[in-house]
Amino acid sequence: MRIAIVSPLYESVPPKLYGGTERVVSYLTEELVRSGHDVTLFATGDSVTGARLRPMALKGLRLDTECRDPLAHHVAMLHDVLESASEFDVIHFHLDYLHYPSVRQLRLKALTTLHGRLDLPDLAPLYRRYDELPLVSISQAQREPLPWVNWVGTVHHGLPEDLLRVGDGGGGYLAFLGRISPEKRPDRAIRIARQVGMPLRMAAKIERGDQGYFEAVVEPLLGPDVEFIGEIPDRDKGEFLGNARALLFPIDWPEPFGLVMIEAMACGTPVIACPCGSVPEIVDHGVSGFIAPDEDAAARAVAQLDDFDRLACRRRFEQRFSAARMARDYVCLYKRIAARDDDRPLIRSAA
């Protein structure tokens, strides 16, 4: 198939540091290319891909100190995508809603994967206006605020199977990986680690809007037993996660997916997570981790780590969360969208 993948421009594909959406876009793009599809990637110029790259900005806008208006770059990219739409059998957007008016007006054979939370009150009026456009969720839980839109499928994220290797947890520490923010609850992770008497290593990004939270809540809790590393590149994740006894994921928000959970599973590292959002879909309790509704339950889960089967955790990752499986799921949806006649109603499927 001739497939266009349209990425956000905040990070390169794949990202240099943090960037969940762009990382998933990269895994999907490369697997589609490997499977023999003709793929064009609309992304930043510093992206690395086996697909045909259409550079839409010089580099990832988050790290570009000269960028003042990221929206301008995205509108310009949308112009180029629409101008070349006839070259593709299907266009796969990862841009939230910026392209909706054009997709409707031009009746493009396109679908959109939503990567963020959907429980914000501003979103419902917008999606009421575009409730016929084909959307893909990254978990069933993500759909709950907008069950009435045109969900055509749920596709869980996947990783290349050779990206990360099983570790033995020999570092003797608990890990926190991702982003410092109130909803990710790094303060809970620190309390859990101290309750069980294990060191905690925190490899996390601090966005500008969360700097105040870090300084007021997290920084005062740091100490010899709690090390804040900052952002780490993709190449360091295997060692960081593989050496950890467990990944703490004590979130307090409707997590749409949580890529770090399957990164840990790929390393054989159990995930200890609160049952919010997608967590019950992603974590198989007792196999790939433990679902812990509170800090005491998380501490009890840590006490079970000596008996945890890291190879079984890795096998569950291979069964459920490979990039090959993710790409196959998307190709099935691409074929449905491409087969739609222009005068037919857009495809709908049960949630």
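Read on for a plain summary of the structure.

Thresholds applied
Residues numbered from 1 in each chain as written. Predicted model: local features only at pLDDT ≥ 70, side-chain atom pairs only at ≥ 80, totals over all residues. Heavy atoms only, no water. Phe/Tyr/Trp six-rings, centres within 6.5 Å; stacked < 30°, edge-to-face > 60°. Helix = DSSP H or I, 4+ residues; strand = E, 2+ residues; numbered from the N terminus. Buried < 20%, exposed > 50% of the residue type's maximum accessible area, 1.4 Å probe, protein only. Lys NZ or Arg CZ within 6 Å of the ring centre and 35° of its normal. 1 Å grid on protein atoms, 1.4 Å probe; cavity = no way out; pocket = protein on both sides within 12 Å on 5 of 7 lines; lining within 4 Å. Points joined across faces, edges and corners; volume = space filled by probe spheres on them. Nonpolar A, V, L, I, M, F, W, Y, C, P; charged D, E, K, R; others polar. Pairing = 2+ DSSP bridges. Axes fitted to C-alpha atoms, helices over the stretch in contact; angles between N-to-C directions.

## Remarks on the packing of aromatic side chains
Where two aromatic rings form a pair, the distance of their centres and the angle of their planes describe that pair.
Part 1 of the argument: Throughout the structure, instances matching the rule amount to eight aromatic pairs.
Part 2 of the argument: Between Phe42 and Phe88 the ring centres are 6.2 Å apart and the planes differ by 80°, which places this aromatic pair in the edge-to-face class. Placement of the pair is Phe42 in strand S2 (residues 38-43) and Phe88 in the loop between helix H2 (70-83) and strand S4 (90-93), with a sequence separation of 46 residues.
Part 3 of the argument: For the pair Tyr100 and Tyr127, a centre-to-centre distance of 5.7 Å together with 75° between the ring planes defines the contact as edge-to-face. You can see Tyr100 sitting in helix H3 (residues 100-106) and its partner Tyr127 sitting in helix H4 (residues 123-129), a full 27 residues away along the chain.
Part 4 of the argument: With relative accessibility at 1%, the residue Tyr100 sits in the buried group.
Part 5 of the argument: Every member of this aromatic cluster is reached through a ring pair, and the members are Tyr100, Tyr127 and Tyr130.
Part 6 of the argument: The residue whose ring lies beneath Arg128 is Trp148, and the NZ or CZ to ring-centre distance is 3.6 Å.

## A few points about the layout of surface pockets
Part 1 of the argument: A volume near 320 Å³ is recorded for the second largest pocket.
Part 2 of the argument: In this structure, the second largest pocket is lined by Tyr10, Leu61, Arg62, Leu63, Asp64, Thr65, Cys67, Pro70, Lys205, Ile206, Glu207 and Arg208.
Part 3 of the argument: Per-class residue counts for the lining of the second largest pocket are six nonpolar, one polar and five charged.

## Some points on the sheet that holds strand S10 (residues 226-228)
Part 1 of the argument: If you trace the six strands from one edge of the open sheet to the other, you get S10-S9-S8-S11-S12-S13, paired in parallel fashion. Two strands in the sheet have a free side with no partner beyond their single neighbour: S10 and strand S13 (289-291). For this sheet, the mean inter-axis angle between neighbouring strands, taken without regard to orientation, is 20°.
Part 2 of the argument: With three bridges joining them, strand S12 (residues 271-273) and S13 adopt parallel strand pairing.

## Let's talk about empty space enclosed by the protein
Part 1 of the argument: Enumeration over the complete set of coordinates arrives at one cavity of 30 Å³ or more.
Part 2 of the argument: By volume, the largest cavity is sized at about 40 Å³.
Part 3 of the argument: Lining of the largest cavity is provided by Phe93, His99, Tyr100, Val103, Ala110, Leu111, Thr112, Leu133 and Pro134.
Part 4 of the argument: Where the lining of the largest cavity is concerned, the elements lending two or more residues are H3 and strand S5 (110-113).
Part 5 of the argument: Residue contributions to the lining of the largest cavity peak at three residues, all from S5.
Part 6 of the argument: A per-class count over the lining of the largest cavity returns seven nonpolar, two polar and no charged.

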